[in-house]
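Working through the structure, step by step
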Amino acid sequence: EPEVTQTPSHQVTQMGQEVILRCVPISNHLYFYWYRQILGQKVEFLVSFYNNEISEKSEIFDDQFSVERPDGSNFTLKIRSTKLEDSAMYFCASRRQGYTGELFFGEGSRLTVL
Amino acid sequence: GENVEQHPSTLSVQEGDSAVIKCTYSDSASNYFPWYKQELGKGPQLIIDIRSNVGEKKDQRIAVTLNKTAKHFSLHITETQPEDSAVYFCAAEASYDKVIFGPGTSLSVIP
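Predicted model only: the values in this text are computed from it and were never measured.

**So, the side chain of S58 of chain A**
Locating S58 of chain A in the fold gives a position in the loop between strand 6 (53-57) and strand 7 (65-68). Here S58 of chain A is in contact with F45 and L46 of chain A, once residues within four sequence places are set aside.

**Description of the packing of aromatic side chains**
Counted by the stated rule, this structure contains 17 aromatic pairs over all chains. Measuring from centroid to centroid gives 6.3 Å for F91 of chain A and F105 of chain A, while their planes differ by 85 degrees, and the two rings are edge-to-face. With a gap of 14 residues between them, F91 of chain A in strand 9 (residues 88-95) and F105 of chain A in strand 10 (residues 104-105) connect regions that are remote in the sequence. There is no split in this pair, since F91 of chain A and F105 of chain A are both buried. Every member of this aromatic cluster is reached through a ring pair, and the members are Y35, F45, F91 and F105 of chain A together with Y36, F89 and F101 of chain B.

**Some remarks on the pattern of salt bridges**
Scanning all chains against the criterion turns up eight salt bridges over all chains. If you follow the salt bridges from partner to partner, you end up with R95 of chain A together with E93 and D97 of chain B in one network.

**Description of the side chain of D84 of chain B**
Residue and element names in this part refer to chain B. In this structure, D84 sits in the loop between strand 8 (72-77) and strand 9 (86-93). Overall, D84 belongs to the buried group, its relative accessible area being 7%. Once residues within four sequence positions are removed from consideration, D84 is found in contact with K37, R61, I77, E79, L107 and V109.

Rules behind the numbers
- Residues numbered from 1 in each chain as written.
- Chains lettered and ligands numbered in written order.
- Predicted model: local features only at pLDDT ≥ 70, side-chain atom pairs only at ≥ 80, totals over all residues.
- Heavy atoms only, no water.
- Helix = DSSP H or I, 4+ residues; strand = E, 2+ residues; numbered from the N terminus.
- Contact = heavy atoms within 4.5 Å.
- Phe/Tyr/Trp six-rings, centres within 6.5 Å; stacked < 30°, edge-to-face > 60°.
- Buried < 20%, exposed > 50% of the residue type's maximum accessible area, 1.4 Å probe, protein only.
- Salt bridge = Lys/Arg side-chain N within 4 Å of Asp/Glu carboxyl O.

In short, shape yes, function no, at least from these values alone.
Set out below in structure tokens:
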């Protein structure tokens, strides 16, 4: 069964460093997302991406964050200068249909900022 | 923007009993209401969804109801089993590309 894959599974970084989280969405999906989940808390929407453009973003997704689809398969989330409060599990998701389509999530990348 | 509330935050039931989780949403434009199950160490997985033109939907032991007037929707799990133990999230999507999740309910099914 096709799945969303994310790397790395866990990254530890120093405050102020740049981090890139990578995702390979399901191959025939056209809509891509990043969510984050601080330990034990809700799954928070960060950004949606379609046709090489950001569709929607939340107030969390400030200038420190960026997304890119550098080739036909990868979808990345970059955090330019990490803060302690960026420590969280980051989930990538994709879906074939935009509005009302089922979101398929990866297993997440745990980011720890020291 | 959309805000989704969910309760209870934790729920403990005996195996075989029913579990009910309730959610409310704020954006009257929301038309799609999925429910996700998250097992430990995994990403959320869709278990059932409902669209605003439907009041109720059932899939084996799981059912969802939607009251658009009151802006609330519920998940019902009957004949609970230990493997139903997980965190459950309700969510809502309006006519833009943003699915907003509720805070989650941690369900424990006691054998």
